[in-house]
Amino acid sequence: MKIGELYMIEYKGGEEALENMWNGGLITFKQLLKMKVPSPGVLLGFKDDSLSQEARAVLEARLKEMNVKASKRKQMPGFYLRRDAFAKKLEKQSNPQQYGIFMYDGEIQCKIKLSDVILTKV
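Residues numbered from 1 in each chain as written. Predicted model: local features only at pLDDT ≥ 70, side-chain atom pairs only at ≥ 80, totals over all residues. Heavy atoms only, no water.

To continue, consider the packing of aromatic side chains. Under the counting rule described, the total for this entry stands at two aromatic pairs. Ring centres of W22 and F29 lie 5.4 Å apart, and the angle between their planes is 55°; this geometry places the pair in the tilted category. Look at W22 and you get partly exposed, because its relative accessible area is 33%. A relative accessible area of 43% means that F29 is categorised as partly exposed. On the numbers, 5.4 Å between centres and 85° between planes, the contact of F79 with Y80 is edge-to-face. For Y80, a relative accessible area of 23% translates into the label partly exposed. Positioned above the aromatic ring of Y99, the side-chain terminus of K111 is 4.7 Å from the ring centre. (Phe/Tyr/Trp six-rings, centres within 6.5 Å; stacked < 30°, edge-to-face > 60°. Buried < 20%, exposed > 50% of the residue type's maximum accessible area, 1.4 Å probe, protein only. Lys NZ or Arg CZ within 6 Å of the ring centre and 35° of its normal.)

Structural data, given as structure tokens:
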């Protein structure tokens, strides 16, 4: 994939997956209708999936707080699962090409997770 090239953007999973996203409140009805039809878009760049500094600070503070709680007394099993999930998020290496920034429908820019779409060069 090269920046500046035109691609047809088609969402994986078909209509059922898109309907589930709409029913779950993840997308609006207008977005649902637009996503059902493959559309052309120009790749403008990439965005990584790393945590922002604010999110990282919040997770680190929460993890520190959870470790203090765990050291004082035994916790429920779900507590340790959540603590481990926070630790994994902090340790995760970012993927520099996780998202693509596309321009389509004139001048609308959107960030699309590249693993969710099929891109065909036009």
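Let's shift gears to the packing of helix 1 (residues 14-23) against helix 2 (residues 29-36). It is at 10 Å that the axes of helix 1 and helix 2 come closest, and there the two elements cross at 165°. One finds that helix 1 runs roughly antiparallel with respect to helix 2. Crossing handedness for the pair helix 1 and helix 2: right-handed. Together, E15, L18, E19, M21 and W22 of helix 1 and F29, L32, M35 and K36 of helix 2 make up the contact between the two elements. For the contact of helix 1 with helix 2, a count of residues per class yields six nonpolar, no polar and three charged. (Axes fitted to C-alpha atoms, helices over the stretch in contact; angles between N-to-C directions. Helix = DSSP H or I, 4+ residues; strand = E, 2+ residues; numbered from the N terminus. Parallel < 35°, antiparallel > 145°, perpendicular 65-115°, else oblique. Left-handed = near helix turned anticlockwise from the far one by under 90°. Contact = heavy atoms within 4.5 Å. Nonpolar A, V, L, I, M, F, W, Y, C, P; charged D, E, K, R; others polar.)

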